[in-house]
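# A look at the structure
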Amino acid sequence: MVNILINDIVPIIVIMALGYICGKFSYFDDDQRQGLNKVVLNIALPAALFISIIKATREMLAQDATLTAIGFIGVIVMFMVCYYLCRLLFHRSIQEAAVNALIAGSPTIGFLGFAVLDPIYGDTVSTNLVIAIISIVVNAVTIPIGMYLINLGQAKDRAKLSAETVVDAKGDVTVDPSKDAKADKTAELLVHGSSNASKNKNGNLQALLNALKQPVRWAPLPAIILVLLGVHVPNQVAATFDLIAKTNSGVAVLAAGLALSTVKFSLGWETIWNTFFRLILTPAVFLGMGLLCGMGGDIDKISMLVMAVALPPAFSGIIISSRYNIYIKEGASTTAVSTVVFAATCLPWIRLVPCSACTEPFP
């Protein structure tokens, strides 16, 4: 366990801290930070997901049907539970709760999945399959759901503001302050929405289509089709994807540190709850689901699954939060605190659900 902490977890914290320091000292400007994010999300991660899936076989997918079902159902259910609890407990708006679910309700499997699981469990087909399954759900299902909810919340705000505004002869939009004290905060949404209403009558559908256009969303699909068809990709082709995929972990962790350096964060009850939900409650639910579904006989796979969903919050959520200027302070606080606390919570989970490669006892 000590070796796992020193060799696997500490380097992640150090590299992330390096990215944070680089961001604070403006070593990278905004364009360069966005460039690193694009390298990870649009090139390295899709390649890593593709190559990890095509190493599997149809027999392996059939054998891991339970794992696949738990991964798909569990991630989506916990995402929606996080969304509704955020609205219920902290009275957040639809879009704020959606961003919260993208952060606290989703593991950063794309950024840290390979960086954490491969050193602990080994670079095996089973490890890659677990990462691929969770990545597919997070990137191809929950992110489009989150984007849909954000768009839905903004549309409702625009509809509400449209009844509380006055348009003068010049076409300028002003908000009646007697209608809503919070109107000024979201007035920009009305102006933006009114200028595009005629061009895009179905913003929810467009949000889903835009989300699915990203390589990280659709890259796993052709790989799954190839596996289901029994098509074997030559090693020479796989080596090409391997080369770019290997850049994913290091660049992703550095980019995560840069993202955290751009926002202010503080510790509050909401941050504490989000951290508990992400690092304790979610993996506990998956462990229970795995045992109830008969995965107790394959302790290695259930250990990988628990660790995959026990990762810190999805950094893609922070990127979306910053882009839409929604839930920034709380989202950044949750991401920063959870990432640091993960160094302490990962070891108890490994001890509670040990794998064959994690047999070294605590000192």
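Overview of the structure. Remember, it's a predicted structure, so these values are computed and weren't measured experimentally. (Residues numbered from 1 in each chain as written. Predicted model: local features only at pLDDT ≥ 70, side-chain atom pairs only at ≥ 80, totals over all residues. Heavy atoms only, no water.)

### Here we look at the overall build of the protein
Short version of the rule: Secondary structure counts use DSSP, requiring at least four H or I residues in a row for a helix and at least two E residues in a row for a strand, with both numbered from the N terminus. When a residue's accessible area, from a 1.4 Å probe over protein chains only, is under 20% of the maximum for its type it is buried; when over 50% it is exposed; and in between it is partly exposed. In this description, contact between two residues means that some pair of their heavy atoms is separated by no more than 4.5 Å. In this description, accessible areas are obtained by the Shrake-Rupley approach with a 1.4 Å probe, and a residue is regarded as covered only by the protein chains that are shown.
When its secondary structure is counted, the protein shows 17 helices and 2 strands. Here the protein holds 363 residues, and the buried ones make up 50% of them. Long-range pairs, those at least 24 residues apart, make up 84% of the contacts in the protein between residues at least 6 apart in sequence. Carbon and sulfur atoms form 64% of the exposed surface of the protein, whose accessible area is close to 17,000 Å².

### What to know about the environment of Gly 230
Relative to the elements of secondary structure, Gly 230 occurs in the loop between helix H11 (220–228) and helix H12 (235–245). With 173 residues separating them in the primary sequence, Gly 230 and Thr 57 have C-alpha atoms 7.0 Å apart.

### Topic: a nonpolar patch on the surface
Put simply, the rule reads: Patch definition: residues above 30% relative accessible area lacking any salt bridge, with like charges linked at up to 9 Å and the nonpolar side chains Val, Leu, Ile, Met, Phe, Trp and Tyr linked at up to 5 Å. Put simply, a salt bridge is a Lys or Arg side-chain nitrogen that is within 4 Å of an Asp or Glu carboxyl oxygen.
On the surface, Ile 73, Val 77 and Val 81 cluster together into a nonpolar patch covering about 230 Å² of accessible area. The residue Val 81 is located in helix H4 (residues 65–90) in this model. Taking relative accessible area as the criterion, Val 81 reaches 32% and is therefore assigned partly exposed.

### A few points about H4
Put simply, the rule is: A helix is expected to span 1.5 Å multiplied by its residue count minus one.
The first and last C-alpha atoms of H4 sit 37 Å apart over 26 residues, in line with the 38 Å expected at 1.5 Å per residue. Residues of H4 that are buried: Leu 67, Ile 70, Gly 71, Gly 74, Val 75, Met 78, Phe 79, Cys 82, Tyr 83 and Cys 86. Two residues or fewer after H4 comes His 91, characterised by a positive phi angle close to 55 degrees.

### What about the nonpolar core?
Grouped burial of nonpolar side chains is what soluble globular proteins tend to show. Heads up, the condition is: In this description, a nonpolar core means a group of buried Ala, Val, Leu, Ile, Met, Phe, Trp, Tyr and Cys residues linked to one another through side-chain atoms lying within 4.5 Å.
With 69 residues, the main nonpolar core has Val 116, Ile 134, Ile 150 and Met 307 as its most contacted residues. Tallying contributions element by element places helix H7 (residues 125–162) first for this core, with 11 residues. What Met 307 contacts, discounting residues up to four positions off in sequence, is Val 116, Leu 117, Tyr 121, Phe 342, Cys 346, Trp 349 and Ile 350. Within the second largest apolar cluster, 10 residues are counted, among which are Ile 53, Ala 132, Ala 223 and Val 227.

### Quick look at the packing of aromatic side chains
Which entries qualify depends on this criterion: The rule is short: rings of Phe, Tyr and Trp, with Trp giving its six-membered ring, pair when the centres are within 6.5 Å, and they are stacked under 30 degrees, edge-to-face over 60, tilted in between.
Summed over the entire model, instances satisfying the criterion amount to 4 aromatic pairs. A centroid spacing of 5.2 Å and a plane angle of 80 degrees characterise the contact between Tyr 27 and Phe 28, whose relative ring orientation is edge-to-face. Both rings, one in Trp 273 and one in Phe 277, keep their centres 6.1 Å apart while their planes meet at 55 degrees; by these two values the pair is tilted. Remark: Phe 277 and Trp 273 occur in helix H14 (residues 269–292); sequence separation between them is 4 residues, near one turn of the helix. The exposure class assigned to Trp 273 is partly exposed, which follows from its relative accessible area of 24%. Here a set of aromatic residues connected by ring pairs shows up, and it is made of Trp 273, Phe 276 and Phe 277.

### Details of unusual backbone geometry
With a phi close to 55 degrees, His 91 is a non-glycine residue in the positive phi region. A relative accessible area of 67% places His 91 in the exposed class. For Tyr 327, which is not glycine, the phi dihedral falls at a positive 55 degrees. By the element assignment, Tyr 327 lies in the loop between helix H16 (315–324) and helix H17 (328–352).

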